[in-house]
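Survey of secondary and tertiary structure
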Amino acid sequence: MLRKLHSLPGLVAALLLLVLAITGVILSVVPAIERSAASIPATGELSVAELAERVVAHYPGTEQIQRSLSGEVVVYYSRDRQPGADLVNPLTGEGIAPYQPSAFLRWVKNLHRSFLLDDAGRILAGGLAVVMVLMCLSGMFLLARRMGGWKAILRPIAGTGSSRVHAELARFAVIGLLLSALTGSYMSAVRFGLLPEAANAEPSYPAEVSGGTPAPVSSLIALKNVDANELRELVFPYPDDPSDVYSLNTTQGAGFVDQSTGELLQYQPRSAGNHFHHWMVRLHTGEGLWWLGLVLGMAALTVPALSFTGMRIWWQRRSSSVRLDEGASIETADVVILVGSEGNTTWGFARDLQRKLNQAGKKVHCAPMNDLAEHYPLASVLFVLASTYGDGGAPSSASQFMTRLKHFQADDGLKFVVLGFGDQQFPKFCQYALDVDAALGSKGLQQMHPVTRIDRGSALQFREWGEAISKHMGVSLALTHNPAPAVTSEFELVERVDYGVAVQAPTSILRFKPVQSRRSLWQVLSLKSGLHLPSFEAGDLFGVSPPEDQTARLYSLASSASDGQLEICVRKQTNGLCSGYLHSLKPGDRITGFIQQNPGFRPAGGATPIILVGAGAGIGPLAGFIRKNTDRNPMYLYWGGRNPQSDFLYQPELGCYLNDHRLTGLNTAFSRSAEKAYVQDAIVADETALRQLIEKGAQVLVCGGRDMASGVSQVFDSILKPLHLNVDELKTEGRYLEDVY
Ligand SMILES: Cc1cc2nc3c(=O)[nH]c(=O)nc-3n(C[C@H](O)[C@H](O)[C@H](O)COP(=O)(O)O)c2cc1C
């Protein structure tokens, strides 16, 4: 519901909102430009009387002096019976230039206020401001849900792609956008009488004036008492009419001034309502608040990107919303599949499972987790496929599941299996699936297979899980769903460096270059060659499928596109189809593969000290990070191999990086040498130095096998203890990142 409230108005109004935002950005810089051009006297330096005297000295036919909130002073005068208007310097009264408001800015303002359509357009713009308020509020709630609660709203945002960019931008801009939208809605509501307009402080014309000889303007006491910076407007009396008066309008109130006695007549201070109205207008336009104008402009600048990423998210969600038909009824089903999903991708996996179970002759009922029935009379297996959302929380189609589970009656024969879908970059990887598994277990249901976690929709892990389930159920389930078949390119191996054969850990550094492809029309038009690498950074992933199998394996990239080549470090696994295939390549051989972004595994920029930890081929992306450290920020590498003579990967490069200070410190450990040490030992040996680095704000990046990563995490937990910190807390702050396989 909340999501619909956010996305539907956004989709419908996107184009018009873009017009409002872009014109808003242009108008937002006007106060700052005006402010930079204006001379503003210090408070108390110049009174309205002095200002008027100086202006009149240069413009004897002065009729009116106006001051904008930005500090621009304009004199309206008559010379030789011709009216004129000039910008003047308030300190001298001299003219600066003829006052000619920009026709372009007037047009932009009209477009912003009314889409150049008078009242109908103003109503539309007002309606859009209200839509924007709704989108900002619903967006804030969605963001809080995404982050796992309001308290976590300022934490680093995990995730990738449009969804992450949208969340980052929205968090940056939401206050500014909300302020613009609220004040815009208010102004429209006042204009169309939906809200009462604050009574204007218009004093009534004085019934009596002295009618004496006009005194020089500089001597009028009422004008001497007002600071020039408070002036909005001073209208001069008709020349030669002693019964006429000055009309004075300031930021505080309005009244009349007797041109002979200088007495202030009929003065009316601004009411509280009038002040409020005045401030609402200023908060919308930034008039007189140039810095606020720029802040609002920057917020409005995000609207095109928010619209684009918002539409992409909506489209991705829509295109993956392949709802399955329920299949068998609750009463007749012998297998039940319940799906917990937020972004709809889990439904694709469920559909594959349902289809394969049907092919195996099962009667399958499939439904969202929120539709858990009280009883499935004939079912023998209950599958729960659940993603995790927010900070380890339930996705929307499972939000009621735990409550409904309380009324669930399980038959003795019913077994359950939970399959979690999540992303390892999140600190609570598949947490909701783990919670569901525990809750079903505590209901007395029998677990058919331990809860399994699928990382980033891995087709390989899903297939492997299907094989295990096939054995339990005595059927053949060849699960093949692959949520995001990637766009592949062709690459040629140009160099390989081999290590580790003598210690039974054959590991190769493989370097590829892109193969000339047929140029697209865009490349032809933009004079680009077809020989370009797709954009990627060290730490992103390279997906390759061996010829015998369509399922891609992912390897961490050790280079970035700017290095001009694609580099991976691959250990040959026993019976490994893909690693075996890659190790069989000779220079000149070609492969196809694709890039998958992995923005959650990148070193923090700036002077933050970086501690890199890896073992074996896990050094690949770490070497890539060091190579890119051309600013020579503090970077320390802890790496474990088997034997320095055989598998000291990147040894020559690391030597160069130490010499040119891209690498600050190198600590190695070798398990099949005299020292018989692992990377954890090298970390423990350096405990004090590491603790000091972390105290200074260092970030830790770990890459390698799962066992190594878990050992390293334990060691860091004990190093962090005296600091009253632990690895989980560092992970939440984005200061402990893992890329494990
Ligand atoms: C805002 C957001 C928060 C997420 N939080 C977690 C999390 O805490 N733990 C986790 O393992 N995965 C998390 N994920 C990853 C999703 O669970 C994963 O992408 C899953 O495949 C999505 O499936 P769905 O599209 O069916 O909802 C999150 C994803 C997003 C977009």
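Fair warning: this is a prediction, and the values are worked out from it, not measured in the lab.

Each helix and strand in the chain was counted, giving 21 helices and 24 strands. For a compact globule of 741 residues, the expected C-alpha radius of gyration is about 27 Å, and the chain comes in at 35 Å, more than 25% above that figure. Relative to its full complement of 741 residues, the chain shows a buried share of 48%. Summarising the internal contacts of the chain: among those between residues at least 6 apart in sequence, 69% fall at separations of at least 24. On the chain, roughly 35,500 Å² of surface is accessible, and the fraction owed to carbon and sulfur atoms is 56%.

This part is about the sheet that holds strand 13 (residues 446-455). Ordered by their spatial adjacency, five strands build an open sheet running 10-9-11-12-13, and the pairing between neighbours is parallel. Either end of the sheet is taken by a strand with one partner, and the two such strands are strand 10 (364-368) and strand 13. If you compare each strand with its neighbour and ignore which way they point, the axes differ by 15° on average. When strand 11 (residues 381-387) meets strand 12 (residues 415-422), the two strands line up parallel, connected through seven bridges.

This brings us to the packing of helix 1 (residues 2-28) against helix 5 (residues 118-147). With their axes 9 Å apart at the nearest point, helix 1 and helix 5 run at an angle of 135° to one another. By the angle between their directions, the pair helix 1 and helix 5 is classed as oblique. The handedness of the crossing between helix 1 and helix 5 is left-handed. The residues of helix 5 that touch helix 1, namely those facing Leu2, Arg3, Leu5, His6, Pro9, Gly10, Ala13, Leu16, Leu17 and Leu20, are Leu124, Ala125, Leu128, Val131, Met132, Met135, Ser138, Gly139, Phe141, Leu142 and Arg145. Grouping the constituent residues of the contact of helix 1 with helix 5 by class yields 15 nonpolar, four polar and two charged.

This paragraph deals with the nonpolar core. Grouped together as the largest cluster of nonpolar side chains are 28 residues, with contacts concentrated most on Leu338, Met369, Leu382, Phe401 and Leu440. Listed by contribution, the elements that provide at least two residues to this core are strand 9 (335-340), strand 11, helix 11 (401-405), strand 12 and helix 12 (431-442). Once residues within four sequence positions are removed from consideration, leucine 382 is found in contact with Val336, Leu338, Leu414, Lys415, Phe416, Val417, Leu440 and Leu445. Within the second largest apolar cluster, 27 residues are counted, among which are Cys569, Leu612, Phe648 and Leu654.

Not every one of the 20 residues close to the ligand is listed here, only the nearest: Ser341, Thr345, Thr346, Thr388 and Cys430. In this structure, serine 341 approaches the ligand through a side-chain N or O atom, which is 2.6 Å from an oxygen atom. One of the side-chain N or O atoms of threonine 345 is found 2.6 Å from an oxygen atom in the ligand. Expressed as a share of its isolated accessible area of 650 Å², the protein-covered part of the ligand is 87%. For the shell around the ligand, the elements supplying multiple residues, two or more each, are helix 10 (345-359) and strand 12. Tallied by class, the residues present in the shell around the ligand amount to five nonpolar, ten polar and five charged.

According to UniProt, the "domain: Flavodoxin-like" (unreviewed entry) feature falls on residues 335-470. The annotated region residues 335-470 carries 32% helix and 26% strand content, and the separation between its end C-alpha atoms amounts to 14 Å.

So, about the UniProt feature "transmembrane region" (unreviewed entry) in the chain. With numbering matched to this structure, UniProt assigns "transmembrane region" (unreviewed entry) to residues 12-33, 123-144 and 289-315. Secondary structure across residues 12-33 comprises 95% helix and 0% strand; the distance between its end C-alpha atoms is 34 Å. When the span residues 123-144 is considered, its composition is 100% helix and 0% strand, and the gap between its end C-alpha atoms is 32 Å.

Glancing now at a nonpolar patch on the surface. A cluster of nonpolar side chains, contributed by Val29, Ile33, Trp290, Trp291, Leu294 and Val295, occupies part of the molecular surface with about 550 Å² of accessible area. Tracing the backbone through its elements, the reader meets valine 29 in the loop between helix 1 and helix 2 (30-37). The class for valine 29 is partly exposed, based on a relative accessible area of 34%.

The subject of this paragraph is helix 20 (residues 706-720). Between the first and last C-alpha of helix 20 there are 21 Å, a value that for 15 residues agrees with the 21 Å anticipated at 1.5 Å per step. Buried residues of helix 20: Met708, Ala709, Gly711, Val712, Ser713, Val715, Phe716, Ile719 and Leu720, and no others.

Looking now at helix 4 (residues 103-114). Given a rise of 1.5 Å per residue, twelve residues ought to cover 16 Å, and the 16 Å separating the end C-alpha atoms of helix 4 matches this to within 8%. Taken as a whole, helix 4 has its buried residues at Val108, Leu111, His112 and Ser114. The backbone nitrogen of phenylalanine 104 lies 3.2 Å from a side-chain oxygen of the residue at the head of helix 4, namely serine 102. At the exit of helix 4 stands phenylalanine 115, carrying a positive phi of roughly 50°.

Bringing the sheet that holds strand 1 (residues 62-67) into the picture now. Spatially, the eight strands line up as an open sheet ordered 4-3-2-1-5-6-7-8, and their pairing is antiparallel. Edge positions in the sheet fall to strand 4 (95-98) and strand 8 (264-269), since each has one partner strand and no second. The sheet shows a mean angle of 20° between the axes of neighbouring strands, direction not considered. Relative to strand 7 (residues 253-258), strand 6 (residues 245-250) is paired through five bridges, and the arrangement is antiparallel. Bridge pairing in strand 7 places serine 247 opposite phenylalanine 256.

Let's shift gears to the packing of aromatic side chains. The tally for this structure, following the rule as stated, stands at 18 aromatic pairs. When the ring of phenylalanine 349 is compared with that of phenylalanine 421, the centres are 4.6 Å apart and the planes differ by 40°; the resulting orientation is tilted. Highlighted residues: phenylalanine 349 in helix 10 and phenylalanine 421 in strand 12, separated in sequence by 72 residues. Note on phenylalanine 349: relative accessible area 1%, which makes it buried. Judged by its relative accessible area of 6%, phenylalanine 421 is buried. Geometrically, the ring pair formed by phenylalanine 601 and phenylalanine 625 is tilted, given 5.7 Å between the ring centres and 50° between the ring planes. With phenylalanine 601 in the loop between strand 19 (590-596) and strand 20 (610-615) and phenylalanine 625 in helix 16 (residues 619-627), the pair connects residues that are 24 residues apart, well separated along the chain. Of the residues examined, phenylalanine 601 reaches a relative accessible area of 1% and is grouped as buried.

This part covers the pattern of salt bridges. Should their charged atoms come close, side chains of opposite charge can pair. Taken as a whole and assessed by the stated rule, the structure comprises 22 salt bridges. Between glutamate 168 and arginine 171 there is a salt bridge, and its shortest N-O distance comes to 3.6 Å. Residue glutamate 168 and its partner arginine 171 are located together in helix 6 (residues 161-191), separated by three residues, close to a single helical turn. By relative accessible area, glutamate 168 is classed as partly exposed at 30%. Put simply, glutamate 567 and arginine 511 hold a salt bridge, and the shortest N to O gap is 2.7 Å. In this pair, glutamate 567 is assigned in strand 18 (residues 566-571) and arginine 511 in strand 15 (residues 507-514), connecting sequence segments 56 residues apart. Among the residues examined, glutamate 567 registers a relative accessible area of 1% and is labelled buried. Judged by relative accessible area, which is 6%, arginine 511 ranks as buried.

Moving on: unusual backbone geometry. At asparagine 575, a position not held by glycine, the phi torsion is positive, near 60°. On the secondary structure map, asparagine 575 appears in the loop between strand 18 and helix 15 (577-583). Taking relative accessible area as the criterion, asparagine 575 reaches 78% and is therefore assigned exposed. Look at histidine 724: it is not a glycine, yet its phi comes out positive at around 55°. With respect to the helices and strands, histidine 724 occurs in the loop between helix 20 and helix 21 (727-732).

About the thresholds
Residues numbered from 1 in each chain as written. Predicted model: local features only at pLDDT ≥ 70, side-chain atom pairs only at ≥ 80, totals over all residues. Heavy atoms only, no water. Helix = DSSP H or I, 4+ residues; strand = E, 2+ residues; numbered from the N terminus. Rg over C-alpha atoms; globule rule 2.2 N^0.38 Å. Buried < 20%, exposed > 50% of the residue type's maximum accessible area, 1.4 Å probe, protein only. Contact = heavy atoms within 4.5 Å. Areas by Shrake-Rupley, 256 points an atom, 1.4 Å probe, with all protein chains shown as cover. Pairing = 2+ DSSP bridges. Axes fitted to C-alpha atoms, helices over the stretch in contact; angles between N-to-C directions. Parallel < 35°, antiparallel > 145°, perpendicular 65-115°, else oblique. Left-handed = near helix turned anticlockwise from the far one by under 90°. Nonpolar A, V, L, I, M, F, W, Y, C, P; charged D, E, K, R; others polar. Core = buried A, V, L, I, M, F, W, Y, C linked by side-chain atoms within 4.5 Å. Near = heavy atom within 4 Å. Polar contact = N/O pair within 3.5 Å; in protein donor to acceptor, adjacent residues only side chain to side chain. UniProt positions renumbered as here; feature names shortened; annotations may be inferred. Patch = residues over 30% accessible without salt bridge, like charges linked within 9 Å, V, L, I, M, F, W, Y side chains within 5 Å. Salt bridge = Lys/Arg side-chain N within 4 Å of Asp/Glu carboxyl O. Expected span 1.5 Å × (residues − 1). Phe/Tyr/Trp six-rings, centres within 6.5 Å; stacked < 30°, edge-to-face > 60°.

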